[in-house]
Amino acid sequence: MSESVTLPLYMRRAAFDPDPELTAARDGERVQRVKTAFGFDAWMVSHFADVREVLGDPARFSNAQRAVFRAPGMPPVSEEEIKKLRAGNLLAFDPPEHTRLRRMLTPEFTMRRMRRLEPRVKDIVTEHLDAMEAAGPPADLVPSFALPVPSLVICELLGVPYADRDDFQRRTGKILDISLPAQERAAAQLESRAYMAELVARTRAEPGEDLLGMLVREHGDDLSTDELIGIAGLLLLAGHETTSNMLGLGTLALLRNPDQLELLRKEPSRIGAAVEELLRWLSIVHTGTVKVATADVELAGRHIAAGDLVVCALPAANRDPDFISDPDRLDIARGDMGHLAFGHGVHHCLGAPLARMEMQIAFPALFERFPGLREAGPPAEFRSFNVVYGVRSLHVAW
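Residues numbered from 1 in each chain as written. Predicted model: local features only at pLDDT ≥ 70, side-chain atom pairs only at ≥ 80, totals over all residues. Heavy atoms only, no water.

Named according to an unreviewed UniProt entry, the protein is Cytochrome P450 originating from Nonomuraea helvata.

### With respect to the state of the cysteines
Put simply, the rule is: Cysteine sulfur atoms that come within 2.5 Å of each other are treated as a disulfide pair. Only protein chains enter the accessibility calculation, which uses a 1.4 Å probe; a residue is then buried when its area is under 20% of its type maximum, exposed when over 50%, and partly exposed in between.
According to the stated counting rule, one finds zero disulfides in the structure shown. Cys349 provides the cysteine sulfur closest to Cys312, a residue in no disulfide bond, and the two sulfurs are 16 Å apart. Classification of Cys312 by relative accessible area gives buried; the value is 2%. Assessed through its relative accessible area of 30%, Cys349 is described here as partly exposed.

### Comments concerning the packing of helix H9 (residues 182-205) against helix H11 (residues 225-255)
In helix packing, the relevant descriptors are the interaxial angle and the interaxial distance, both defined with respect to the helix axes. Where we set the bar: Only C-alpha atoms enter the line fits that serve as axes; for helices the fit covers just the stretch in contact. Angles between N-to-C directions range over 0 to 180 degrees. The helix count covers DSSP runs of H or I at least four residues long, the strand count covers runs of E at least two residues long, and both are numbered beginning at the N terminus. Crossings are classed by handedness, with left-handed meaning an anticlockwise turn of the near helix from the far one by less than a right angle and right-handed meaning a clockwise turn. We call two residues in contact when some of their heavy atoms are within 4.5 Å. When residues are sorted by character, Ala, Val, Leu, Ile, Met, Phe, Trp, Tyr, Cys and Pro go into the nonpolar class, Asp, Glu, Lys and Arg into the charged class, and all the rest, Gly among them, into the polar class.
Packing of H9 against H11 brings their axes to within 9 Å, and their N-to-C directions diverge by 115 degrees. Crossing handedness for the pair H9 and H11: right-handed. Listed contacts from H11 to Arg193, Met196, Ala197, Val200 and Arg204 of H9 are Thr225, Asp226, Leu228, Ile229, Gly230, Ala232, Gly233 and Leu236. For the contact of H9 with H11, the residue count by class is seven nonpolar, three polar and three charged.

### Brief notes about the nonpolar core
Spelled out, the test is: The term nonpolar core refers to a set of buried residues drawn from Ala, Val, Leu, Ile, Met, Phe, Trp, Tyr and Cys, joined through side-chain atoms within 4.5 Å.
The biggest cluster of nonpolar side chains holds 87 residues, and the ones touching the most others in it are Phe145, Val160, Leu211, Leu215, Leu282 and Phe363. With 13 residues, the top contributor of residues to this core is H11. Beyond its immediate sequence surroundings of up to four residues, Phe363 is in contact with Met246, Leu247, Gly250, Thr251, Leu254, Ile271, Val275 and Leu278. Judged by nonpolar contacts, the second largest core, of 19 residues, contains Val45, Val297, Ile304 and Cys312.

### Examining the sheet that holds strand E7 (residues 291-293)
Stated precisely, the cut-off is as follows: Strands are labelled as partners when DSSP assigns at least two bridges between them.
What the five strands build is an open sheet, ordered E3-E4-E10-E7-E5; its pairing is mixed. In the strand order of this sheet, the two ends are held by strand E3 (31-35) and strand E5 (61-62), each with one partner. Contacting E3, strand E4 (41-45), E5, E7 and strand E10 (309-312), helix H2 (residues 48-55) runs over the sheet at an angle of about 125 degrees to E10.

### Focus on the pairing of strand E13 (residues 390-393)
Within a regular beta strand, the side chains point alternately toward one face of the sheet and then the other, so they alternate between its two faces. Bridge count for strand E12 (residues 381-383) against E13 is three bridges, and the pairing is antiparallel. When the bridges of E13 are listed, Phe382 appears paired with Val391. Counting the residues that bridge the hairpin from E12 to E13 gives six residues.

### Focus: the pattern of salt bridges
Opposite charge on two side chains permits pairing when their charged atoms draw close. The following threshold applies: Any Lys or Arg side-chain nitrogen found within 4 Å of a carboxyl oxygen on Asp or Glu counts as a salt bridge.
With the rule as written, the count across this model stands at 30 salt bridges. In this structure, the salt-bridge partner of Lys35 is Asp41, at a minimum N-O distance of 3.3 Å. Given a relative accessible area of 40%, Asp41 falls into the partly exposed group. Note that Arg329 is salt-bridged to Asp326, the shortest N-O span being 2.6 Å.

### Looking at the environment of Gly88
Here Gly88 is to be found in the loop between helix H3 (79-86) and helix H4 (97-105). Between the C-alpha atom of Gly88 and that of Phe342, which follows or precedes it by 254 residues, the distance is 20 Å. Among all residues touching Gly88, those that are not within four sequence positions of it are Phe93, Leu101, Glu227, Gly230 and Ile231.

Pasting the structure below:
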């Protein structure tokens, strides 16, 4: 790991909790200047109401204008290359461009579509639990369950060969690891794009029944090849990284809060509420995307100038006592309180219904199969220098 990288305040954790300094910032100044992971200064917004305001106002807080910022150490990129690299990435656009792209994808992520996928997700979960049981304890839950289940689901949904998983997981790991030199992360992004370009070319020649095939058949004339590459790349990365880290970290959270696990065992109908509380309590995505103020803005008594960068500290906001009582306690009896773990506003996570469905199937199946599941071997290793928080390993026995 590069020793020169300092973990920004908005990414700092103390195991499951936001760093005490981050919590103090939320309860004190609310909006303050911080150094980002990329060397720029930005305004950090950490209070629940303020974060909702920023996320809910793409006109004043833009995703699209970030393209003008280049991280130190990154190779120079032309306007044309920037345009090519951004194409299809929903997180790099504001309405109306964002609306146009999202509208094509939304039908694929409705609850109705998710229900159609449910039997296959159950089969995938069962297959991996069977393999764990056959191999016997101990096991590292991350490579044996938490990572492969969402990876296989998103591969089948998108039309990505599962045999390629080792390569795309390696590239994703580099792209999201802020401790690596900027050039190494950029190279992994270009590799990933080249892989997706091949996949899109094959799909254009022979579209299948998967999501990529559907986009080619139904929107092939409206989407450029670069847009298809960008959409597929984003969905593949987001589709396996986020849910896999929720499964790993969520399992650890339940094991270390046995009263909550016991309640879930006794009343399995609480699984929906349990997933929402785990999402709130863990908030594995530190910030979502960095935004740019498009005009001078007053927020929580602070003057944010047009052109300033703004980052939203989601773990601090989701633990805000002004939003929820006793916020640092994991309590699956709360239900869905309107957390920000999936973001808010136009960029609210497109894949949220899929992630919820996977977790609502995977957690109960895991604890039902292994009633005596417990931590065993080396202690769980949290991963800090990553855009998505989680555990690198979780050694368990049963």
